[in-house]
Amino acid sequence: MSDAVQQLETVKARIAAAEHEADRPAGAVTLVAVSKTFDADAIRPVLAAGQRVFGENRVQEAQGKWPALRQEFPGIELHLIGPLQSNKAKEAVALFDVIETVDREKIASELAKEIDRQGKAPKLYVQVNTGSEPQKAGIEPKDAVAFVARCRDVHGLAIEGLMCIPPAEENPGPHFALLEKLAREAGVEKLSMGMSGDYELAVAFGASSVRVGSAIFGHR
Ligand SMILES: *Cc1c(COP(=O)(O)O)cnc(C)c1O
């Protein structure tokens, strides 16, 4: 077994234990395996082991490896988890099944145009900058609920969830709790939160998906 496959099994077991611990149904949490910076040869064993949901943070990098992998393995679900430039909306809609990083009006309007043009609608999440960090993407928490409503009412986009990346040096718990509260207020169901260092905590706070990279694939 490759290291990545062994680590995949460990992460899956820990998610299952965290679901149990939190009195959540088995399988409530989807594992998004974050394969950014790893090439097709590193990803293939993880696909062969049955993992089908993956996250990438760059449109161009994902275009270079996923079309071929999709040919080899049926049923792949690809998530965009990195910032989206509005001039990449066309490529992003064509390639991704879920776009987790809708965070401003311009992106919402470009996505709406492309979804209309291509007749293909990826699922959409709004990214919230729960720590209000100036260098980080995401809508401000105070604007999140209104932005979700505008995505629906002005742009005709169905938003399914919220996503956050808590500040690196802080306890992520309050950020997960904030995201959960905002999702309830906005009337959206899915919560994408938790990474290699804190995914079990995120499961306890109600994550519907966790995005785990280095704990599966190793250091980048
Ligand atoms: C890279 C990345 C991850 C995975 O991070 P790890 O700490 O390696 O698990 C999760 N979410 C986003 C948005 C990322 O860019």
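Refer to the structure printed above.
Residues numbered from 1 in each chain as written. Predicted model: local features only at pLDDT ≥ 70, side-chain atom pairs only at ≥ 80, totals over all residues. Heavy atoms only, no water.

Asks: Help me out: how do you make sense of the overall build of the protein chain in this one?
Replies: Helices and strands together make up the secondary structure of the protein chain, namely nine helices and eight strands. Over its C-alpha atoms the protein chain spans a radius of gyration of 17 Å, differing by no more than 12% from the 17 Å that the globule rule assigns to 220 residues. Seen through its principal axes, the protein chain has C-alpha atoms that stretch 50 × 40 × 30 Å. Relative to its full complement of 220 residues, the protein chain shows a buried share of 49%. (Helix = DSSP H or I, 4+ residues; strand = E, 2+ residues; numbered from the N terminus. Rg over C-alpha atoms; globule rule 2.2 N^0.38 Å. Buried < 20%, exposed > 50% of the residue type's maximum accessible area, 1.4 Å probe, protein only.)

Asks: For this particular structure, what's the right way to read the state of the cysteines?
Replies: Two cysteines, two sulfur atoms, one covalent bond between them: this is a disulfide. All chains considered together, the criterion is met by zero disulfides. There is no disulfide at Cys151, and the cysteine sulfur nearest it, in Cys164, is 17 Å away. By relative accessible area, Cys151 is classed as buried at 0%. Residue classification places Cys164 among the buried residues on the basis of a relative accessible area of 0%. (Disulfide = S-S within 2.5 Å.)

Asks: Any chance you could explain the pattern of salt bridges here in plain terms?
Replies: Should their charged atoms come close, side chains of opposite charge can pair. Counted under the stated rule, the structure contains 14 salt bridges. With a closest N to O distance of 2.7 Å, Arg44 and Asp41 form a salt bridge. Here Asp41 and Arg44 lie together in helix 2 (residues 40–48), a separation of three residues that amounts to about one turn. Note that Asp97 is salt-bridged to Arg70, the shortest N-O span being 3.2 Å. Placement of Asp97 in the loop between helix 4 (89–95) and strand 4 (98–102) and of Arg70 in helix 3 (residues 59–72) is noted, with a sequence separation of 27 residues between them. A relative accessible area of 25% places Asp97 in the partly exposed class. For Arg70, a relative accessible area of 26% puts it in the partly exposed group. (Salt bridge = Lys/Arg side-chain N within 4 Å of Asp/Glu carboxyl O.)

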